[in-house]
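# Examining the three-dimensional arrangement
Take a look at the letters that make up each chain.
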Amino acid sequence: MLSNHLQNGIETARLAWSRLPNAEEGEQEDIGLVQRSDGSSGGVESLDYEVVENYAYWEEQEQRGKLYVGYYVMVKWFFSLLIGIGTGLAAVFINLSVENFAGWKFALTFSIIQKSYVAGFIVYVLINLVLVFSSVYIVTNFAPAAAGSGIPEIKGYLNGIDIHGILLFRTLIGKIFGSIGSVGGGLALGKEGPLVHTGACIASLLGQGGSTKYHLSSRWLQVFKSDRDRRDLVTCGCAAGVAAAFRAPVGGVLFALEEVTSWWRSQLMWRVFFTSAVVAVVVRTAMGWCKSGNCGHFGSGGFIIWDISGAQEDYSFEEMLPMAIIGVIGGLLGALFNQLTRYISYWRRNHLHKKGNRVKIIEACLVSLITSFISFGLPLLRKCSPCPDSDPDSGIECPRPPGMYGNYVNFYCSKDKEYNDLATIFFNTQDDAIRNLFSAKTIHEYSAQSLLTFLVMFYTLAVVTFGTAVPAGQFVPGIMIGSTYGRLVGMFVVNFYKKLHIEEGTYALLGAASFLGGSMRMTVSLCVIMVEITNNLKLLPLIMLVLLISKAVGDAFNEGLYEEQAQLRGIPLLESRPKYQMRKMAAKEACGQRVVSFPRVVKVADVVSILRSNKHNGFPVIDHTRNGETLVIGLMLRSHMLVLLQSKVDFQHSPLPSDTRAGSRPIRHTPSEFVKPVSSKGLTLDDIHLSPDDLEMYIDLAPFLNPSPYIVPEDMSLTKVYNLFRQLGLRHIFVVPRPSRVIGLITRKDLLIEDNEESATVELQSTSVRARHHDRRFSMGNEDAERPLLNGLLVQGHTSS
């Protein structure tokens, strides 16, 4: 009977292995943002944060009253609540699963090694291998976009770049279960980065009403139709992810502000803060319920992850020099880590991972085996140390009983009152290892040789593991690395200064902050997160000092970890500051291609031909006055044009413009019809089927174009164009010759319009319309064709994005 079950299991595994996609299929599914032959990026498309003020938009605005404005604001707050609850529950589920898998693994291994270390080693390796295999199998075959931390991709999305697959429902599922397998399997990575991606996925799915592919959608949630509103929700999700990962709500808000988002408003700050507060309440409630023993190993650590509030009370001026040295070490090791991971990731993407999903699975399993061999084997080579004199008030037991893990682990020791210091940090969960390194009142627990061995091996493992096809965060490994060399420096300071109040755990905390600052280049948010997770406000000035030094040292060598990875993935981020070379360039010099434009009334066959012949996503629309003068009347987006071709309801037989006056022509479309689902491929020309009769028809583009695109003069500095483009979140800017005349001048006082009973103030300018404004907009008739909207003709401009 047993042999039959074993044979069936082998056949099932063989069948599953044979169904893995080959190399060609693997390349199709990967999120490769490689450059195509035409110069465009395969998986990248810009987002439309600009409001398209066409006739459908103004008609919808006219139907909205004060009640809708209030409802719109309330829904935003309600969605912020849902994002906080959803992300908090996801974080609790991930933590509960990871802590219990790791707890069961170590408890089982410790119980087995009491009889046989060989049998315990085999069980330990197999458990890790199964967990890692489940993670990489889920990612490679179900959710390729779930690999990595996801922060560079989310940062690109909030910068205005939509990458296919990063915010889908299957990516969310892959991120959650993949993180459980990779972190529970003992790899040198963390779950904090994936939690940021998880929060962003939850926010995006709520913003678009769910997932239609998996029939998990609700029309009651389909309220937000613009990329701008969804961007705000994703920002809330990112902050919620950090708040849930570190139980640091204020740190989550600052992380979203400093690291991921490119546009920030006071209204958004309130909602992000509210979302993070909701996450804190959810996580704390779950941990309170788990403290009664309902959740196994999860919840026993308290809301503060690494509480060191009872650590070093004060510090002297003499300690400033070694603390500054810690900052320098963090900057150097962080910059080196960024460079090494960039080189290895480049080799993986361009050589190893192109061989298909089987190679990705084999690679992750090999890394798991190497990690298990090192974490189990190296402590066996370390000689045990006698337990220190026990202090009843410290609450620390030496050695730990079999089956337990924490401080003073008895591993391969010949005597009962001995412990293995290398096993205390190596053969342990990462959270408990960090807690041990941060711990106070444990002077001389670790030898310098053990800490140096752990630093070299874990640093190497973190570099090699980063970039494998599993969900991987870098926060916790960075804290592990930094706290190790920080404790080494602390041991030197204790021996050199001979002062009783100096704690090695304090220097471990500063080392953790320095490495994260040197690698990720965050300052304010990281400082607050470190204070929140350790509950020690007295060390705030020291954390600020090492962060500033490590960031300055790291910036001298390369960019931050997420910026380096974004460049490697081909994500075209617009940084906060333009390049220095742009100061000497004009807007006209940046227009590298000839402009492709549409006439106002265009033949369907010509539209299809133009869309097939180039990859541009925006097209100027040209019209002529009665005296033959050429006018640019607006901008037509490629996605909107595809919607018109698919619906066919606006086709006409006449090549003449239709009457666009208010009420003369019914608007057959709503703005929601032109919205592309987040992170999807959207509508393509191959999805549209047109008959020969359809190709002979015409379309009047005037009701559907954006009549008020942003324009700049051709001789404007490219630096000013860059700042305008980034700060407004634009997708296209028209470059025009110098205007021939000025019809008016707007100053600050012209924009200070007081509210009255007939106008309502709302959060988004795009949803606030004065009655007289849209009346004037609807009064536009054929006389608009006589008045140029853009004064002057368009010069060479790059309209693709």
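Model, not experiment: these values are computed from the prediction.

Let's shift gears to the overall build of the protein. When its secondary structure is counted, the protein shows 28 helices and 14 strands. The buried share of the protein, taken over its 801 residues, is 54%. The long-range share in the protein, meaning contacts at least 24 apart out of those at least 6 apart in sequence, stands at 79%. Summing over all exposed atoms, the protein offers an accessible surface of approximately 35,900 Å²; the carbon and sulfur share of this is 59%.

This brings us to the packing of helix H18 (residues 504-520) against helix H20 (residues 540-555). Two elements in contact, H18 and H20, have axes whose closest approach is 8 Å; the angle formed by their N-to-C orientations is 35°. Crossing hand, H18 versus H20: right-handed. Here H18 contributes Leu509, Leu510, Ala513, Ser514, Gly517 and Gly518 to the contact with H20, which in turn contributes Leu542, Ile543, Val546, Leu547, Ser550, Lys551 and Gly554. The residue makeup of the contact of H18 with H20, split by class, is seven nonpolar, five polar and one charged.

Glancing now at the side chain of His353. Take His353: it is sitting in the loop between helix H12 (320-352) and helix H13 (357-381). A residue is classified by how much of its surface remains accessible, and His353, at 11% relative accessible area, is buried. Ignoring any residue separated from it by four or fewer positions in sequence, one finds His353 in contact with Arg348, Lys360, Glu363 and Gly467.

In this section: the state of the cysteines. The final tally for this structure, using the stated rule, is one disulfide. Here Cys384 connects covalently by a disulfide to Cys413, the sulfurs 2.0 Å from one another. Sign of the S-S torsion, about -90° for the bond between Cys384 and Cys413, identifies this disulfide as left-handed. With Cys384 in the loop between H13 and strand E5 (385-386) and Cys413 in the loop between E5 and strand E6 (418-419), the pair connects residues that are 29 residues apart, well separated along the chain. The buried category is assigned to Cys413, whose relative accessible area is 16%.

The next subject is unusual backbone geometry. Positioned with a positive phi, Arg247 is a non-glycine residue whose angle comes to about 55°. Non-glycine residue Asn535 carries a positive phi angle of around 60°. Tracing the backbone through its elements, the reader meets Asn535 in the loop between helix H19 (524-534) and H20. A residue is classified by how much of its surface remains accessible, and Asn535, at 40% relative accessible area, is partly exposed.

A sheet is described by the order of its strands in space; here three strands give the open sequence E8-E12-E11, paired in antiparallel fashion. Both outer strands of the open sheet, strand E8 (601-603) and strand E11 (651-652), are each paired with one neighbouring strand and no more. Sheet strands touched by helix H23 (residues 604-613): E8, E11 and strand E12 (698-700). Its angle to E8, the strand with the most contacts, is close to 75°.

As a further point, take the environment of Val278. Within the secondary structure, Val278 sits in helix H11 (residues 266-294). Taking relative accessible area as the criterion, Val278 reaches 10% and is therefore assigned buried. In this structure, the C-alpha to C-alpha distance between Val278 and Thr87, residues 191 residues apart in sequence, is 9.5 Å.

What follows is about the packing of aromatic side chains. The full count for this structure, using the stated rule, is 29 aromatic pairs. Ring geometry for Phe337 versus Tyr459: centroids 6.0 Å apart, planes at 80°, classification edge-to-face. Here the residue Phe337 occupies a position in helix H12, and Tyr459 occupies one in helix H16 (residues 448-465), the gap between them amounting to 122 residues. On the accessibility criterion, Tyr459 (9% relative accessible area) is buried. In textbook terms, an aromatic cluster arises when at least three aromatic residues are bridged by ring pairs, as seen for Phe106, Phe110, Tyr117, Phe121, Tyr124, Phe373, Phe376, Phe411, Tyr412 and Phe427. Positioned above the aromatic ring of Tyr49 is the side chain of Arg231, whose terminal nitrogen or guanidinium carbon lies 4.4 Å from the ring centre.

This brings us to the pattern of salt bridges. The tally for this structure, following the rule as stated, stands at 25 salt bridges. Across the salt bridge formed by Lys588 and Glu714, the nearest N and O atoms sit 3.7 Å from each other. Taken together, the residues Lys588 in helix H22 (residues 587-590) and Glu714 in the loop between strand E13 (711-713) and helix H26 (718-728) connect sequence positions 126 residues apart. On the accessibility criterion, Lys588 (46% relative accessible area) is partly exposed. In this structure, the salt-bridge partner of Lys749 is Asp750, at a minimum N-O distance of 3.5 Å.

Next up on the list: the packing of H12 against helix H17 (residues 475-497). Put simply, H12 and H17 touch, their axes get as near as 10 Å, and they point 155° apart. One finds that H12 runs roughly antiparallel with respect to H17. Note that H12 runs across H17; the crossing there is right-handed. Contact residues: Pro322, Ile326, Ile329, Gly330 and Leu333 in H12; Tyr485, Gly486, Val489, Val493 and Tyr497 in H17. Classifying every residue of the contact of H12 with H17 gives eight nonpolar, two polar and no charged.

Below, the discussion takes up the sheet that holds strand E10 (residues 630-637). Taken in spatial order, the three strands make up an open sheet running E7-E9-E10, and their pairing is mixed. The open sheet has two edge strands with one neighbour each: strand E7 (598-599) and E10. The pairing of strand E9 (residues 618-624) with E10 spans seven bridges and is classified as antiparallel. Following the sheet pairing, Pro620 is matched in E10 by Leu635.

Let us now look at helix H10 (residues 249-260). Taking 1.5 Å per residue, 12 residues should reach 16 Å; H10 reaches 16 Å between its end C-alpha atoms and fits that length. Taken together, the buried positions of H10 are occupied by Pro249, Gly251, Gly252, Val253, Phe255, Ala256, Glu259 and Val260.

Now for the pairing of E9. Taken across its seven residues, E9 has six buried, putting it largely inside the fold. Where E9 hands over to E10, the hairpin turn is made up of five residues, of which Gly628 adopts a positive phi near 90°.

A word on the nonpolar core. Residues Phe246, Phe438, Phe475, Met530 and Ile543 are the most contacted members of the largest nonpolar core, which totals 134 residues. Every residue in contact with Ile543, bar those within four places of it in the chain, is listed here: Leu509, Leu510, Ala513, Cys527, Met530 and Val531. Leu611, Met636, Leu685 and Met697 belong to the second largest nonpolar core, which has 27 residues in total.

Once that is clear, we can look at the side chain of Thr371. Along the chain, the position of Thr371 falls in helix H13. In this view, Thr371 contacts Gly186, Leu187 and Leu461; residues no more than four positions away in its chain are not counted.

All right, on to helix H8 (residues 192-207) then. Counted at 1.5 Å a residue, the expected span for H8 with its 16 residues is 22 Å, and the 23 Å between its end C-alpha atoms agrees. After H8 finishes, the residue Gly209 shows a positive phi value of roughly 85°.

So, on to the confidence of the model for the protein. Per-residue confidence for the protein gives a mean pLDDT of 82; residues scoring 70 or more make up 81%. Between residues 12-42, whose pLDDT stays under 50, and residues either more than four places distant or in other chains, the model counts 47 contacts. Taken together, the stretch residues 757-800 has pLDDT below 50 and engages in 104 contacts with residues farther than four places along the chain or on a different chain.

In this structure, Met491 sits in helix H17. What makes Met491 buried here is its relative accessible area of 12%. The spatial distance from the C-alpha of Met491 to the C-alpha of Tyr446 is 9.1 Å, given a sequence separation of 45 residues. Discounting chain neighbours no more than four positions away, the residues touching Met491 are Tyr446, Ser447, Ala448, Leu451 and Glu504.

Okay, the environment of Val596 next. Residue position: Val596 is located in the loop between H22 and E7. The class of Val596 is buried, set by a relative accessible area of 17%. For Val596, the contacting residues outside a window of four places in its chain are Ile610, Asn614, His616, Phe619 and Pro620.

Scoring rules and cut-offs
- Residues numbered from 1 in each chain as written.
- Predicted model: local features only at pLDDT ≥ 70, side-chain atom pairs only at ≥ 80, totals over all residues.
- Heavy atoms only, no water.
- Helix = DSSP H or I, 4+ residues; strand = E, 2+ residues; numbered from the N terminus.
- Buried < 20%, exposed > 50% of the residue type's maximum accessible area, 1.4 Å probe, protein only.
- Contact = heavy atoms within 4.5 Å.
- Areas by Shrake-Rupley, 256 points an atom, 1.4 Å probe, with all protein chains shown as cover.
- Axes fitted to C-alpha atoms, helices over the stretch in contact; angles between N-to-C directions.
- Left-handed = near helix turned anticlockwise from the far one by under 90°.
- Nonpolar A, V, L, I, M, F, W, Y, C, P; charged D, E, K, R; others polar.
- Disulfide = S-S within 2.5 Å.
- Pairing = 2+ DSSP bridges.
- Phe/Tyr/Trp six-rings, centres within 6.5 Å; stacked < 30°, edge-to-face > 60°.
- Lys NZ or Arg CZ within 6 Å of the ring centre and 35° of its normal.
- Salt bridge = Lys/Arg side-chain N within 4 Å of Asp/Glu carboxyl O.
- Parallel < 35°, antiparallel > 145°, perpendicular 65-115°, else oblique.
- Expected span 1.5 Å × (residues − 1).
- Core = buried A, V, L, I, M, F, W, Y, C linked by side-chain atoms within 4.5 Å.
- pLDDT = per-residue confidence, 0-100.

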